[in-house]
Amino acid sequence: MEAPAEPAVAAAAAAEGGDDDGRGRKGSWYAVGERAVLVPYLREHVPRYHEWMQDPALLEATASEPLSLAQEFEVHRSWTLDPLKHTFIVLDKELIEGDFVVGNPHTEAMIGDVNIYMNDPDDLELAEIEIMIAEQKSRGKGLGQEVTLMMMSFAVEKYGIHTFRAKISDSNTASLKLFRKLGFKDASHSAVFKEVTLEAPAAELPLSSPLTIGSW
Ligand SMILES: CC(C)(COP(=O)(O)OP(=O)(O)OC[C@H]1O[C@@H](n2cnc3c(N)ncnc32)[C@H](O)[C@@H]1OP(=O)(O)O)[C@@H](O)C(=O)NCCC(=O)NCCS
């Protein structure tokens with residue numbers, strides 16, 4: 001396994017060079033799992049992503065606000081530039097037309113996204129994780145669990161993350177069950193936001209290692 005990068009080094013590398021469409025800045029990777037492939041969030045993915053985020057149930061589950069398509073492109077751009085955020089689009093292998101090809105966004109197979117955000121200024125090795133399997137037809141097949149584990153393996157290998165955090169609405173039974181099943185423990189509850197914060201040390205998670213990662 002590659003040595004985990006120091007956060008400062010990773011952030012500096014992330015801020016270097018490259019373009020702003022997700023292909024050069026921060027480094028761009030893909031990862032291959034058993035049933036899912038993670039690919040960088042590219043401009044080609046934005047229209048479908050935007051369609052997903054018109055669904056009131058998904059907006060509520062992810063605590064998001066509806067955006068215009070132009071705003072979604074702007075959010076995509078800002079995520080791409082932010083050295084503390086890393087987003088993958090999830091492809092369902094069963095939906096990929098032909099073979100998976102590095103460099104092809106495979107929009108036909110996109111079913112959700114998974115991201116980490118190193119948003120604690122006192123600890124850049126702590127990452128908040130979010131997962132969304134937006135397509136109903138791909139739910140309940142183990143993809144959410146697989147890609148959550150893949151994202152965390154990636155975060156440990158590339159950014160040296162030691163602790164993961166998830167903030168989940170009280171009413172989101174599916175997501176709470178998923179994270180608790182993986183070993184996350186309740187850390188706090190906000191009555192105001194009606195949300196549970198769960199945490200897990202990376203060392204205690206059933207991470208797949210080494211993960212099959214390649215350069216995009
Ligand atoms: C939560 C979510 C990611 C689950 O994805 P998924 O691919 O359907 O989940 P999996 O098939 O991998 O299931 C893994 C575990 O999650 C839990 N789970 C998933 N769907 C569930 C449901 N409908 N009811 C109860 N538990 C559920 C179970 O513990 C399941 O393990 P099990 O099958 O051994 O019981 C998906 O429903 C989703 O994206 N929802 C909307 C967005 C969201 O809520 N994101 C979370 C914000 S962090």
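Residues numbered from 1 in each chain as written. Predicted model: local features only at pLDDT ≥ 70, side-chain atom pairs only at ≥ 80, totals over all residues. Heavy atoms only, no water.

Trainee: It is not clear to me how the packing of aromatic side chains should be interpreted in this structure. Could you clarify?
Mentor: Remark: the centre distance and the inter-plane angle together describe each pair of aromatic rings, the angle taken between the planes. One pass over the full model with this rule turns up 11 aromatic pairs. Judged by centre distance (5.9 Å) and plane angle (55°), the rings of Tyr41 and Trp79 are tilted. Separated by 38 residues along the polypeptide, Tyr41 in the loop between strand 2 (36-40) and helix 2 (46-52) and Trp79 in helix 4 (residues 69-81) bring together distant segments of the chain. The same class applies to Tyr41 as to Trp79, namely buried. On the numbers, 6.3 Å between centres and 85° between planes, the contact of Tyr49 with Trp79 is edge-to-face. With a gap of 30 residues between them, Tyr49 in helix 2 and Trp79 in helix 4 connect regions that are remote in the sequence. Of the two residues, Tyr49 and Trp79, neither departs from the other in class, the shared state being buried. An aromatic cluster is built from Trp29, Phe88, Phe154 and Tyr159, whose rings are joined through pairwise contacts. Note that Lys85 overlies the ring of Tyr117, its terminal NZ or CZ placed 4.4 Å from the centroid. (Phe/Tyr/Trp six-rings, centres within 6.5 Å; stacked < 30°, edge-to-face > 60°. Helix = DSSP H or I, 4+ residues; strand = E, 2+ residues; numbered from the N terminus. Buried < 20%, exposed > 50% of the residue type's maximum accessible area, 1.4 Å probe, protein only. Lys NZ or Arg CZ within 6 Å of the ring centre and 35° of its normal.)

Trainee: When you look at the nonpolar core in this model, what are you seeing that I'm missing?
Mentor: Counting residues in hydrophobic clusters, the biggest one holds 38 residues, and the most contacted among them are Ile116, Ile129, Phe164 and Phe184. Per element, the largest residue contribution to this core is nine residues, and it comes from helix 5 (residues 143-159). Those residues within four positions of Ile129 in sequence are excluded, and the remaining contacts are Val114, Asn115, Ile116, Thr148, Met151, Met152, Arg165, Ala166, Phe179 and Phe184. If you look at the next biggest cluster of nonpolar residues, it comprises 20 residues, including Val39, Ile89, Met110 and Ala134. (Core = buried A, V, L, I, M, F, W, Y, C linked by side-chain atoms within 4.5 Å. Contact = heavy atoms within 4.5 Å.)

Trainee: Explanation requested: the sheet that holds strand 8 (residues 195-201) in the structure shown.
Mentor: Think of a sheet as strands paired side by side through backbone hydrogen bonds, with each pair either parallel or antiparallel. On the basis of which strands lie adjacent, the open sheet formed by nine strands has the order 7-8-6-5-4-3-2-1-9 and mixed pairing. Two strands lie at the open edges of the sheet, namely strand 7 (185-190) and strand 9 (212-215), each paired on one side alone. Across this sheet, the average inter-strand angle for adjacent strands is 25°, counted without regard to direction. As paired elements, strand 4 (residues 110-117) and strand 5 (residues 126-133) share six bridges and run antiparallel to each other. Looking at strand 5, one finds that Gly112 is bridged to Ile133. (Pairing = 2+ DSSP bridges. Axes fitted to C-alpha atoms, helices over the stretch in contact; angles between N-to-C directions.)

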